[in-house]
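Examining the three-dimensional arrangement
Each chain, written out:
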Amino acid sequence: MQTMPAHAAHHEDSEIETLEEFDAVVSARGTLAGFRVQAVDLTDRTRELLTTDTAGAVFLGCPMREEAAAKVRAAGTLVFPPVPDLPFDPYRGHVYTPGELFASLDKGYEQTPDALAYAWFQQTKADGDIYASMLRSVHDDSVSDALDELLRGTRVVGVMGGHAMARGTETYEGAARLGRALARAGFTVATGGGPGAMEAANLGAYAAPYDDAMLQDACQLLGKAPSFTPSITEWARSAFEVRERWPKGNHSVGIPTWFYGHEPPNAFASHIAKYFANATREDGLLARSNAGVVFLPGAAGTVQEVFDNATPNYYESRGEPTPMVLVDRVHWTERLPVWPLLQSLARNRSMEPRIALVDRVEEAPEALVRLAQASVG
């Protein structure tokens, strides 16, 4: 039975995710022993593969010539070959970009990799095929690994809110101002990556380097396609129009899911970690929001997220409780009275000084900072 080399077992620096990294390792170390090579096209690196030690290495979805594949297999290397005719790469080494998911948008959204992956999911999710479910699981694990690498050392604030918030409304612009304020305060904004409040917060983070006029103009331009229905194509095109007009936007993260594939990802998150499994996505988004979560008005999905976040804070299962800020007093005390229950749960526990209810989005960044100081205190 093949054993995992001890030196490679738990080190992200043993992962090779680009051709440049592959060349650098071969050049500097002269060996690939124990490395994990992830979704790198090696068809033009046959000579290197034939002449370099690959003992204990693992190749995940790396195209290579048959001669090279035969040699590395003979050396005891594990080779997981690329999967033909899939609209996604299950072994991918990086999260997605908007340009990648929306490639071919000029031919209509239905032709994009995002839409094709959703169509594949629709065809396979209920057929009980272990092969398809394994591919989904491998993909989602690869995305989680890439997301962890991306966010290492950053202060992440999650912004939760409903998909129904329309462009061109005051609430949409308010959510955008929130995302902008958080980004300017040095936080990495993370959302569920979809339309509505999620898009607004990602847009705000994107707009952080620009002035007020830019955000107003962008919101006005987007308002021409207020929703992703009836046309995802027009909705997405207007977002790319904003990106082209103001190309130097700030980064943020979107974490959407093909489980709700009728909702497209938004194009303002510079990094998109899209999952097939919604439970993995939900828990991953909240777990990575290490600097707190802001909850904008939403319906059942947002209520679920409040308590998905409150539970580990209550039990301290992820360590110290993280700040939770609910925005819109009337919404969270009268329409959906979540706040009284959250207060009751928190009473006399370490999470009590880390929850806050504010009236307006403008108050949320200051509340986050105040609650974080309470955490330290």
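Above this text sits the structure in question.
Residues numbered from 1 in each chain as written. Predicted model: local features only at pLDDT ≥ 70, side-chain atom pairs only at ≥ 80, totals over all residues. Heavy atoms only, no water.

1. Observations regarding the packing of helix α5 (residues 113–124) against helix α6 (residues 130–151)
- The interhelical angle for the contact between α5 and α6, taken along N-to-C directions, is 140°, at an axis separation of 10 Å. Between α5 and α6, the interaxial angle falls into the category oblique. Seen from above, α5 lies across α6 with left-handed handedness. Listed contacts from α6 to W120, F121 and T124 of α5 are A132, L135 and R136.
- Of the residues contributing to the contact of α5 with α6, the split by class is four nonpolar, one polar and one charged. (Axes fitted to C-alpha atoms, helices over the stretch in contact; angles between N-to-C directions. Helix = DSSP H or I, 4+ residues; strand = E, 2+ residues; numbered from the N terminus. Parallel < 35°, antiparallel > 145°, perpendicular 65-115°, else oblique. Left-handed = near helix turned anticlockwise from the far one by under 90°. Contact = heavy atoms within 4.5 Å. Nonpolar A, V, L, I, M, F, W, Y, C, P; charged D, E, K, R; others polar.)

2. Points about helix α10 (residues 232–245)
- Taking 1.5 Å of rise per residue, 14 residues should cover 20 Å, and α10 covers 20 Å from first to last C-alpha, within 8% of that figure.
- Buried within α10 are the following residues: I232, T233, W235, A236, S238, A239, F240 and V242.
- Tucked into the core, α10 has its buried residues touching α4 (98–101), α8 (197–206) and α9 (212–222). (Expected span 1.5 Å × (residues − 1). Buried < 20%, exposed > 50% of the residue type's maximum accessible area, 1.4 Å probe, protein only.)

3. Structural notes on the pairing of strand β10 (residues 324–327)
- Along β10, one buried face is formed by M324 and L326 and the opposite face, lined by V325 and V327, is buried too.
- Bridge count between strand β9 (residues 293–295) and β10: three bridges; the pairing is parallel. Residue pairing in the sheet places F295 in a bridge with L326 of β10.
- Direction of pairing for β10 relative to strand β11 (residues 355–358): parallel, over a ladder of four bridges. Each bridged residue has a counterpart across the sheet, and for V327 the counterpart in β11 is V358. (Pairing = 2+ DSSP bridges.)

4. Structural notes on the layout of surface pockets
- Put simply, the largest pocket is a space of about 790 Å³.
- Secondary structure elements with two or more residues in the lining of the largest pocket: β5 (156–160), α7 (170–184), α11 (278–288) and α12 (300–315).
- Sort the elements by how many residues they give to the lining of the largest pocket and α7 lands first, with six residues.
- Here the lining of the largest pocket is built from residues that sort into 17 nonpolar, 13 polar and 12 charged. (1 Å grid on protein atoms, 1.4 Å probe; cavity = no way out; pocket = protein on both sides within 12 Å on 5 of 7 lines; lining within 4 Å. Points joined across faces, edges and corners; volume = space filled by probe spheres on them.)

5. A word on the sheet that holds β10
- Overall, parallel pairing links the seven strands, which are arranged β8-β7-β6-β5-β9-β10-β11 in an open sheet. Looking along the sheet, the strands with just one partner apiece sit at the ends: β8 (271–272) and β11.
- Helix α14 (residues 338–346) rests against β10 and β11 of the sheet, and its axis sits at about 160° to β11.

6. Some points on the environment of S344
- Turning to its location among the elements, S344 is positioned in helix α14.
- Assessed through its relative accessible area of 43%, S344 is described here as partly exposed.
- A polar atom in the side chain of S344 sits 2.9 Å from the backbone oxygen of P340. (Polar contact = N/O pair within 3.5 Å; in protein donor to acceptor, adjacent residues only side chain to side chain.)

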